[in-house]
Amino acid sequence: MNAPSSASHSEVDPSSSLVAPMEDPVHPDAQEEENDDEEEEEVCPDLVPSFSAIADKDGLANSAQKVPVTVITGYLGSGKTTLLNYVLTEEHNKKIAVILNEFGEGAIEEKSLAVGNEGQLYEEWLELRNGCLCCSVKDNGVKAIETLMERKGKFDYILLETTGLADPGPVASIFWMDEELGSDLYLDGVITVVDAKYALAHLREERPQGALNEALKQVAVADVILLNKTDLVDNLQDVRQEIQAINASAPVVETVKSRIDINLILDLHAYDGRAQMSVRPTKFDYVENGTPHLDASVGTVTLRQRGPMIWSKLEVFFQTLLWEEKVYDVEGRLAQILRLKALVPQEPPLPVLIVQGVHDTYDTYETSQQCQDGTIVLIGRHLDRDILERHLQEAMNS
Ligand SMILES: Nc1nc2c(ncn2[C@@H]2O[C@H](COP(=O)(O)OP(=O)(O)OP(=O)(O)O)[C@@H](O)[C@H]2O)c(=O)[nH]1
């Protein structure tokens, strides 16, 4: 794990976990992309990788003994609770615990809380017919959940619902970072539920002093996006394009009442080396082709590098971008990364690396996946493709 305060360039170990061979990529957008194949090939024959994470069901490597945590986020009223209810009542042979997250928000009504031995606050567990559990945890984060696990026995899976106005980035980081500290939990993925009817309005909402609104952040960091309430909208094209312009990497699955194949949202391994890379057209990469984008300050930029790369040089680029705050757009606004992913071929016999990053923290994993060229996917704000490309080349030529 590499974060500004915890690691220097020379401390990085680019082999923090070993990766087993993966299944063929299955992209939830595949059906739709198939339909659009001809059109997209004409528009843009080049393909950009999507790290739509595909489950490795064998439970391999370092997370085998750990319990996955999937963060479910989405704007107010988008369908998060509907999704949780759906998952809880489906037959899945998993003992799932649902955590209603109040991290940092302090919004739980005091009267509904019980105080645990260690001072943490949580509601009584609600046990459901199929063995699922539901509780509400306030603050104390990972520790509180682990204490609950000690009392109730291990679950197979944890779903953590953020409040509608939460920024899922820090919540995701807590679990990701804590895994490094030997936690029993690991972050599996971030699922964002979007209200198809109001998404454009939510994504446009302005915040004081140009702050990013929550809906944008939630879409930007998503590993899978549910475009929900599609029964209420006739034309989904605009909202789909808008979402994919912001996050060109996450699959977007259209849903009614949040009904989705749960295999598309659980066991993704989106934050370790097992995330499978599949391809997706660059059609919606607004920086590359000028697709209309309502808030052009947030989007996805994909950079390509031919042939094997030298990791230590690429890392200079990441650190310039993430930690040193030296990269600006043409208008002099600081580039801000919300999510970063990269597939990095090295000179054989060195392995191909996958890089995963959230905000200013990143980590590397070896993968058995093969690739000739390097691909770097940056999702964030004030990203200027040409300027980023220049910084990348400077680092690679240094
Ligand atoms: N028409 C329609 N209504 C839906 C759909 N999905 C959810 N709803 C309704 O939308 C309302 C809000 O859904 P919730 O699941 O409570 O949304 P939420 O994201 O948990 O809401 P907050 O917790 O307030 O942020 C409920 O009345 C749902 O029944 C859908 O696909 N179509």
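Residues numbered from 1 in each chain as written. Predicted model: local features only at pLDDT ≥ 70, side-chain atom pairs only at ≥ 80, totals over all residues. Heavy atoms only, no water.

Test applied: UniProt positions are given in the numbering used here, feature names are shortened, and annotations may be inferred rather than shown by experiment.
The chain has the name CobW C-terminal domain-containing protein in an unreviewed UniProt entry, where Tigriopus californicus is given as its organism. According to its UniProt record, the chain has this under Catalytic activity (unreviewed entry): "GTP + H2O = GDP + phosphate + H(+)".

### A few points about the packing of helix H9 (residues 311-322) against helix H10 (residues 385-397)
Threshold: As a rule, the C-alpha atoms of each element are fitted with a line to give its axis, helices using only the stretch in contact, and angles between N-to-C directions run from 0 to 180 degrees. Working definition: helices are DSSP H or I runs of at least four residues, strands are E runs of at least two. Numbering for both runs from the N terminus. In this scheme, roughly parallel covers angles under 35 degrees and roughly antiparallel covers those over 145, while 65 to 115 is roughly perpendicular and the rest are oblique. Less than a right angle of anticlockwise turn of the near helix away from the far helix marks a crossing as left-handed, whereas a clockwise turn marks it as right-handed. Note on definitions: a residue-residue contact is assigned when non-hydrogen atoms from the two residues lie within 4.5 Å. Polarity classes work like this: nonpolar for Ala, Val, Leu, Ile, Met, Phe, Trp, Tyr, Cys and Pro, charged for Asp, Glu, Lys and Arg, and polar for all others, with Gly in that last group.
Taken N-terminus to C-terminus, the directions of H9 and H10 make an angle of 140 degrees; their axes are 7 Å apart at the nearest point. Looking at the two axes, H9 sits oblique to H10. When the axes of H9 and H10 are compared, the crossing they make is right-handed. Here Lys313, Leu314, Val316, Phe317, Thr320 and Leu321 of H9 come into contact with H10, specifically with Leu388, His391, Leu392, Ala395 and Met396. Looking at the contact of H9 with H10 residue by residue, the class counts come to eight nonpolar, two polar and one charged.

### Some words on the nonpolar core
Under the convention used in this document: For our purposes a nonpolar core is just a set of buried Ala, Val, Leu, Ile, Met, Phe, Trp, Tyr and Cys residues, chained together by side-chain atoms within 4.5 Å. Accessible area is worked out with a 1.4 Å probe on protein chains only. A residue is then buried under 20% of its type maximum, exposed over 50%, and partly exposed in between. For each domain, the first and last residues come from an automatic or database assignment.
Ranked by internal contacts, the top residues of the largest apolar core, which has 65 residues, are Leu83, Ile158, Leu159 and Ile265. The greatest single-element share of this core, amounting to six residues, is contributed by strand E9 (residues 185-195). A domain-level breakdown of this core finds at least three residues from each of domain 1 (67-103 + 123-264) and domain 2 (298-397). Counting 26 residues, the second largest nonpolar core, distinct from the first, contains Met309, Val327, Leu383 and Leu388.

### So, the domain arrangement of the chain
Note the cut-off: Summed over both partners, the accessible area (1.4 Å probe) lost when two parts come together is defined as the buried area. Each salt bridge in this description consists of a side-chain nitrogen of Lys or Arg and a carboxyl oxygen of Asp or Glu lying within 4 Å of one another.
Taken as a whole, the chain is organised into domain 1 (67-103 + 123-264) and domain 2 (298-397). The interface of domain 1 with domain 2 comprises 19 residues on the first partner and 18 residues on the second. Summing the contributions of domain 1 and of domain 2, the shared interface buries around 1,400 Å²; its carbon and sulfur component is 61%. Applying the counting criterion to the domain 1 and domain 2 interface returns one salt bridge. Note that Asp223 is salt-bridged to Arg339, the shortest N-O span being 2.9 Å.

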